[in-house]
Amino acid sequence: DTRLILALDVTDRHQALKISQDVKGYVDAIKIGYPLVLATGKDIIGEIAEMVPVIADFKVADIPNTDRLICEQVFSAGANALIVHGFTGSDSLKTCVEVAEVHGADIYVVTEMSHPGALDFMQKVAEDMAQLASNAKVAGVVAPATRPERVQKIRSIIGNDIAIISPGVGVQGGSAADAIKAGADWVIVGRSIYLADDPKKAAMEIAKEIKDAIDQ
Ligand code: BMP
């Protein structure tokens, strides 16, 4: 495995399928969300999942019943994992974990996001989100590659039982190697791969950087 997740935020169905095929074998999963699914329809989830495992990034944040309805749709469509927010609380999160379990799928919880605005509110509760995620025994959390020291802090809270997937590498300024060294298990990369002239080559190069960081 490459420890690399592609964030496929394109809005063209043909391009999405082509890039998925190209990077197959060089990424461990493809994260898709509102841009692609709203543009092309939810069947794209299953189509990509036939090639590469899909993490559906809908950052779900609702009451338990609505979360359950959303989870059912996402996992029935073929997603292998779903990203949800933790700030709605333990009951909402528990519902997502239960539905995921029925489908043999995984839940990831957002802690602190990678953009500057995350410092306005999110950073204040990020450590609580990490603890909540850990208590709920989710598959992992999302933590910012733009702030490796925060990845390290979140790792210290969740221990080694659950994973960290880390976006913010490349265009947002974070480094794949630094995120891995800070304790991320996977890095998530979007534009630096899907906007590259050769997405496969771009993915291979980042995968190499990750491997070198792990081997160090
Ligand atoms: P890019 O590498 O193009 O910046 O894309 C990063 C991806 O990760 C986008 O899909 C974005 O929505 C997502 N993401 C993020 O950048 N920071 C977060 O904290 C959480 C995210 O899901």
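Here's a quick rundown of the structure. (Residues numbered from 1 in each chain as written. Predicted model: local features only at pLDDT ≥ 70, side-chain atom pairs only at ≥ 80, totals over all residues. Heavy atoms only, no water.)

Some thoughts on the site of the ligand
Here is the rule we go by: Here a residue is near a molecule or strand as soon as one of its heavy atoms is found within 4 Å of it. Side-chain atoms alone can form a polar contact between residues adjacent in sequence; in general such a contact is a pair of N or O atoms within 3.5 Å, and within protein one must be able to donate a hydrogen while the other accepts it. All accessibility values rest on the Shrake-Rupley procedure with a 1.4 Å probe; residue burial counts only the protein chains present in the view. Two kinds of site are reported from a 1 Å grid over the protein atoms alone, namely cavities, where a 1.4 Å probe fits but cannot get out, and pockets, open sets with protein on both sides within 12 Å along at least five of seven lines, and residues are called lining when an atom falls within 4 Å of a point. A cavity or pocket is said to hold a molecule if more than half of that molecule's atoms lie within 2 Å of its grid points. Ten residues, namely Ala, Val, Leu, Ile, Met, Phe, Trp, Tyr, Cys and Pro, are considered nonpolar, four, namely Asp, Glu, Lys and Arg, are considered charged, and the remaining ones, Gly among them, are considered polar.
Asp9, Lys31, Lys59, Ser114 and Arg191 are the nearest of the 13 residues found near the ligand. Note that an oxygen atom of the ligand is positioned 2.6 Å from one of the side-chain N or O atoms of Asp9. Separating an oxygen atom of the ligand from a side-chain N or O atom of Asp57 is a distance of 3.2 Å. For the ligand, whose accessible area on its own is 480 Å², the fraction buried by protein is 88%. In this structure, the ligand is accommodated by the largest pocket. A class-by-class count of the residues in the shell around the ligand yields 5 nonpolar, 3 polar and 5 charged.

Comments concerning the state of the cysteines
Disulfide: a covalent bond connecting the sulfur atoms of a pair of cysteines. Under the convention used in this document: Disulfides are defined as cysteine sulfur pairs within 2.5 Å. Think of it in three bands: with a 1.4 Å probe and only protein chains considered, a residue is buried below 20% of the maximum accessible area for its type, exposed above 50%, and partly exposed in between.
For the structure shown, the criterion picks out 0 disulfides. Here Cys71 is not cross-linked by a disulfide; its sulfur's nearest cysteine counterpart is in Cys96, at 3.7 Å. A relative accessible area of 0% places Cys71 in the buried class.

Observations concerning the pattern of salt bridges
Selection rule: Whenever Lys or Arg places a side-chain nitrogen within 4 Å of a carboxyl oxygen from Asp or Glu, that contact is recorded as a salt bridge. A helix here means a DSSP run of H or I that spans at least four residues, while a strand means a run of E at least two residues long, and both kinds are numbered starting from the N terminus.
Throughout the structure, instances matching the rule amount to 13 salt bridges. Taking the shortest distance from any N to any O, the salt bridge between Glu98 and Lys94 comes out at 3.1 Å. Here the residue Glu98 and the residue Lys94 both occupy positions in helix 5 (residues 90-102), the gap between them amounting to 4 residues, near one helical turn. You can call Lys94 exposed: its relative accessible area is 52%.

Digging into the packing of aromatic side chains
This is how the line gets drawn: Any two of the Phe, Tyr and Trp rings considered here, Trp counted by its six-membered ring, make a pair once their centres fall within 6.5 Å; the pair's planes then place it as stacked at under 30 degrees, edge-to-face at over 60, or tilted in between. In this scheme, Lys NZ or Arg CZ marks a charge over a ring once it lies within 6 Å of the ring centre and within 35 degrees of the ring normal.
Enumeration over the complete set of coordinates arrives at 1 aromatic pair. Over the face of the ring belonging to Trp186 we find Arg3, whose NZ or CZ atom lies 4.2 Å from the ring centre.

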